[in-house]
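Residue strings, one per chain:
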Amino acid sequence: MELFNGIKVDWIGKRQWFFAVSIALLVIGMISLVHKGKFQYGVDFRGGITMKEIFDAPIPPVDRVREALDRGGAAHSEIQELNGTNVLPGTYQIEYGGTASGETDTNHLRDVITRALDTSFAGKHHNLSYEFVGPSVGSDLRRQAVMATLYALGGILIYIAFRFEWIYGAAAVFAVFHDTLVTLGIFSLFNREINLTVIAALLTLVGYSVNDTIVVFDRVRENLKVRRRDDLETVLNDSINQTLSRTILTSGLTFMTVLALFLFGGEIINNFAFAMVIGILVGTYSSIAVASPLVLIYTKLRGQNGIAPIAATKVPRTAKAR
């Protein structure tokens, strides 16, 4: 399906404006992070307690439980109603990280939640179990999350460098770094909590963003094979325009899905959905406005240094012989 048949937009010619927007977003996020001192980590990363509570009938809705915790001094708790064949009706899982990062007094954290629930449900709730996540475990999880993201980026760089040339891989990885940093900056700006589900969203976005970029680069490679007389800027522009319908269709449908999750999915997956919403917008933008212009800039610099501009793929020997 061609939504934009014959479209001619000079995307590459507007690269200065795109770079200005990207720099502004990165700077705003950095200022927010410096001002606040750190990200707002969830229980997974900063430590805390996870409790399972069962409520007597009539079973209160999640919103009433959350209000009771907020009023009782356990604000920012994460609450999830558990369902399943082996789960009793009215069972809730509550995660609470305390008021200070790395709080290690298990009994204190448990007492805070119990007192908060007693204010509204005295005698109508019972503790089934509790688990404590220490700050050292949270620190290990943070390190593992960072390493997982770096490993993913390294694998992407190797793959794209093998399929195309290394500058295309470097441009794609730079665009993914851009997407990740912008998303994290927006999380800091809106004081959003970062937990394991958000890391899962970021890793998903790494693959999603690179997929969009590869679609454009693959069209660039095809066009360079048959349009050897055209300059690279023209080929890049035409390749982006030719794949624009596909980009809008796939990104638009995915965006509507995650937007529905963000609006109606509930509190537990809200941060995950928020990361996906921002990441899809930024990832689609970077595949057009960041990755391709970087390839052009590098190629022009090579030409100014007396080195022949690179092609998007190595020409096979059979083609050279002809």
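Preceding this paragraph is the structure being described.
Since the structure is predicted, the reported quantities are computational estimates derived from the model, not experimental observations.

Visitor: Any details on the side chain of Asp-179? Residues and values, ideally.
Guide: Among the secondary structure elements, Asp-179 is positioned in helix H6 (residues 166-189). An unpaired buried charge is present at Asp-179: no salt bridge exists, and Arg-246, the closest side chain of opposite charge, is 12 Å distant. There is a polar contact of 3.0 Å between the side chain of Asp-179 and the side chain of His-178.

Visitor: For the sheet that holds strand S4 (residues 91-96), give the residues involved together with the corresponding values.
Guide: Paired through backbone hydrogen bonds, the strands of a sheet run either parallel or antiparallel to each other. Spatially, four strands are ordered S3-S4-S2-S5 in an open sheet, and the strand pairing comes out antiparallel. Among the strands making up the open sheet, the edge pair consists of strand S3 (78-81) and strand S5 (125-133). Across this sheet, the average inter-strand angle for adjacent strands is 20 degrees, counted without regard to direction. By the bridge criterion, eight bridges tie strand S2 (residues 48-55) to S5 in an arrangement that is antiparallel. When the sheet's bridge partners are listed, Ile-49 is paired in S5 with Phe-132. Helix H3 (residues 62-71) rests against S2, S3 and S4 of the sheet, and its axis sits at about 155 degrees to S3. Sitting on the sheet, helix H4 (residues 106-121) is in contact with S2, S4 and S5, with an inclination near 30 degrees to S2.

Visitor: Provide a residue-level description of helix H1 (residues 15-36), including the pertinent values.
Guide: The terminal C-alpha atoms of H1, which comprises 22 residues, lie 32 Å apart, in line with the 32 Å expected from a rise of 1.5 Å per residue. Taken together, the buried positions of H1 are Arg-15, Phe-18, Ser-22, Gly-29 and Ser-32. Axial view of H1: buried residues confined to an arc of 135 degrees, hence all on one face. The outward face of H1, more than 90 degrees from its buried face, is lined by the exposed residues Gln-16, Trp-17, Ile-23, Ile-31, Val-34 and His-35.

Visitor: If you had to explain the nonpolar core to someone new, which residues and values would you point to?
Guide: Counting residues in each nonpolar core, the largest one holds 32 residues, and the members touching the most others are Ile-160, Tyr-168, Phe-217, Val-220 and Leu-232. For this core, the secondary-structure elements that each account for two or more residues are helix H5 (135-163), H6, helix H7 (196-226), helix H8 (232-242), helix H10 (270-289) and helix H11 (291-304). Of all hydrophobic cores here, the second largest spans 22 residues; its members include Phe-187, Val-258, Met-276 and Ile-280.

Visitor: Explain the pairing of S4 to me, and be specific about the residues and the numbers.
Guide: Across the six residues of S4, six count as buried, placing the element largely inside the fold. Of the two faces of S4, the one carrying Thr-91, Gln-93 and Glu-95 and the one carrying Tyr-92, Ile-94 and Tyr-96 are both buried. Two elements, S2 and S4, share six bridges in a ladder whose sense is antiparallel. Pairing of Lys-52 across the sheet is with Gln-93, part of S4. Sheet topology places S3 next to S4; four bridges connect them, and they run antiparallel. Bridge assignment links Glu-78 to a residue of S4, and that residue is Glu-95.

Visitor: Go over the pattern of salt bridges, please, and point to the residues and values.
Guide: In this structure the tally under the stated criterion is nine salt bridges. Of the charged contacts in the structure, one is a salt bridge between Glu-233 and Lys-300, with a shortest N-O distance of 3.6 Å. Residue Glu-233 is found in helix H8, and its partner Lys-300 is found in helix H11; the two are separated by 67 residues along the sequence. On the accessibility criterion, Lys-300 (40% relative accessible area) is partly exposed. Sharing partners across several salt bridges, the network here consists of Lys-8, Arg-227, Asp-230 and Asp-238.

Visitor: Pulling in residues and values, what's your account of helix H9 (residues 244-264)?
Guide: In a regular helix each residue adds 1.5 Å, so 21 residues correspond to 30 Å; H9 covers 29 Å between its end C-alpha atoms and thus fits that length. Residues of H9 that are buried: Leu-244, Ser-245, Thr-247, Ser-251 and Val-258. Here the buried face of H9 lies against H7, H8 and H10. In the segment just after H9, Gly-266 is the residue with positive phi, at about 95 degrees.

Definitions and cut-offs
Here the residue index of a chain counts from 1 through its sequence in written order. Side-chain atom pairs in this predicted model are given and counted only at pLDDT of 80 or more, local residue features only at pLDDT of at least 70, and totals for whole chains, interfaces and linings cover all residues. To obtain the side-chain values, all non-hydrogen atoms of the structure were included, while hydrogens and water were left out. A run of H or I in DSSP counts as a helix once it spans at least four residues, and a run of E counts as a strand once it spans at least two, with each numbered from the N terminus. Each residue gets one of three labels from its accessible area relative to the maximum for its type: buried under 20%, exposed over 50%, partly exposed in between, using a 1.4 Å probe on protein chains only. His is not counted here, nor are the chain ends, while Lys and Arg score as positive and Asp and Glu score as negative. A side-chain nitrogen of Lys or Arg and a carboxyl oxygen of Asp or Glu constitute a salt bridge if their distance falls within 4 Å. N or O atoms within 3.5 Å of each other form a polar contact, as long as, within protein, one can give a hydrogen and the other can take it, and as long as residues adjacent in sequence are counted only when both atoms are side-chain atoms. Any two strands with at least two DSSP-identified bridges between them are counted as paired. Lines are fitted to the C-alpha atoms to define the axes, a helix being fitted only along its stretch in contact, and any angle between axes, read from their N-to-C directions, falls within 0 to 180 degrees. Note on contacts: a residue pair qualifies if any of its non-hydrogen atoms lie within 4.5 Å across the two residues. Multiplying 1.5 Å by the residue count of a helix minus one yields the expected span of that helix. Of all possible arcs, the one meant is that of the directions from the helix axis to the C-beta atoms. In this text, buried Ala, Val, Leu, Ile, Met, Phe, Trp, Tyr and Cys residues form a nonpolar core when linked through side-chain atoms within 4.5 Å.

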